[in-house]
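Given next are the chains, with one letter for each unit.
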Amino acid sequence: MENPRKGEQAMKVLNLYFTTTGNTTKVADQIAATIAAGGHQVDTIRITANTSVDLLEYDLIFVGSGVYEWLPGKPLRSLFSRLRQNYVARGEIRPGSPLRQGKTGVVYCTYGGGHTGVNEAIPTAKYMGQLLEHLGIPVIAEWYLVGEYHGKLQRFSTTGRLGDISGRPNKEDLRQLAELVQGILKAQLPEINS
Ligand SMILES: Cc1cc2nc3c(=O)[nH]c(=O)nc-3n(C[C@H](O)[C@H](O)[C@H](O)COP(=O)(O)O)c2cc1C
């Protein structure tokens, strides 16, 4: 685990996510735990209709959602639409989207892939990444985690393109996720590894 060195500033991390059936919560919880164990401050926010947040207050931003009809959930899309308008009004989204030094984004989704596999999740990750990139925050990773279907669509958990995805994300998925998060933390503090 990469802890910030003594005297080195811990990062301020945003862990913003949307879920309807709980799979993405498991992922967001693992991200939060891994970041906190790395000695950084993390704000975890589950998006609802009333969520407000300023992405520009953070050094490192994780945004995640389940995939619903190929896109993030509506509350996330509404939030991103409000934020985009707000940042345009504040002059924070500029032509050419100049890069902001010291800011980094990661987007991820949990998806069932019942019809076309990961292809139906890609629009979700790309959608979420665009607000960050418009703000000049580079998206350095897109993660696609398999998430079982709950409720009426449950049968797709065993009959879809990805085979039997019951119980996912499972322990092993979350273990691998923690390694990916550690890799992102390492990438933010390269001097520690030199
Ligand atoms: C109403 C609904 C629509 C869904 N649509 C898609 C879809 O278009 N593509 C896909 O890959 N998975 C789809 N899924 C599966 C979910 O993306 C997957 O189970 C995800 O992990 C759900 O995240 P959550 O539990 O955090 O809400 C859908 C699930 C539901 C309940």
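The structure we're discussing is the one just above.
Residues numbered from 1 in each chain as written. Predicted model: local features only at pLDDT ≥ 70, side-chain atom pairs only at ≥ 80, totals over all residues. Heavy atoms only, no water.

Caption draft 1: Representation of helix H3 (residues 122-134). With 13 residues, H3 extends 18 Å from end C-alpha to end C-alpha; this agrees with the ideal 18 Å at 1.5 Å per step. Those residues of H3 that fall on the buried side of the exposure criterion are Thr124, Ala125, Met128, Gly129, Leu131 and Leu132. Phi turns positive, to about 85 degrees, at glycine 136, one or two residues after H3. (Helix = DSSP H or I, 4+ residues; strand = E, 2+ residues; numbered from the N terminus. Expected span 1.5 Å × (residues − 1). Buried < 20%, exposed > 50% of the residue type's maximum accessible area, 1.4 Å probe, protein only.)

Caption draft 2: View of the site of the ligand. Thr19, Thr21, Thr24, Val67 and Tyr68 are the nearest of the 20 residues found near the ligand. Side-chain polar atom of threonine 21 to an oxygen atom of the ligand: 2.4 Å apart, as the coordinates give it. In the model, an oxygen atom of the ligand is placed 2.6 Å from a nitrogen or oxygen of the valine 67 main chain. Across the complex, the protein chains shield 87% of the 640 Å² of accessible surface that the ligand would expose by itself. Among the cavities detected, the one that contains the ligand is the largest pocket. (Near = heavy atom within 4 Å. Polar contact = N/O pair within 3.5 Å; in protein donor to acceptor, adjacent residues only side chain to side chain. Areas by Shrake-Rupley, 256 points an atom, 1.4 Å probe, with all protein chains shown as cover. 1 Å grid on protein atoms, 1.4 Å probe; cavity = no way out; pocket = protein on both sides within 12 Å on 5 of 7 lines; lining within 4 Å. Sits in = over half its atoms within 2 Å of the grid points.)

Caption draft 3: Here's a closer look at the pairing of strand S3 (residues 60-66). Burial of S3 is extensive: 7 of the 7 residues sit out of reach of the surface. Burial of the side chains of S3 extends over both faces: Leu60, Phe62, Gly64 and Gly66 are buried on one face and Ile61, Val63 and Ser65 on the other. Sheet analysis places S3 next to strand S4 (residues 104-111), joined by 7 bridges and oriented parallel. Its bridge partner lying in S4, leucine 60 is registered against threonine 104. For the segment spanning S3, helix H2 (residues 74-89) and S4, crossover handedness is right-handed. (Pairing = 2+ DSSP bridges. Right-handed = clockwise from strand over helix to strand, strands pointing away.)

Geometric values such as these leave the question of function open.
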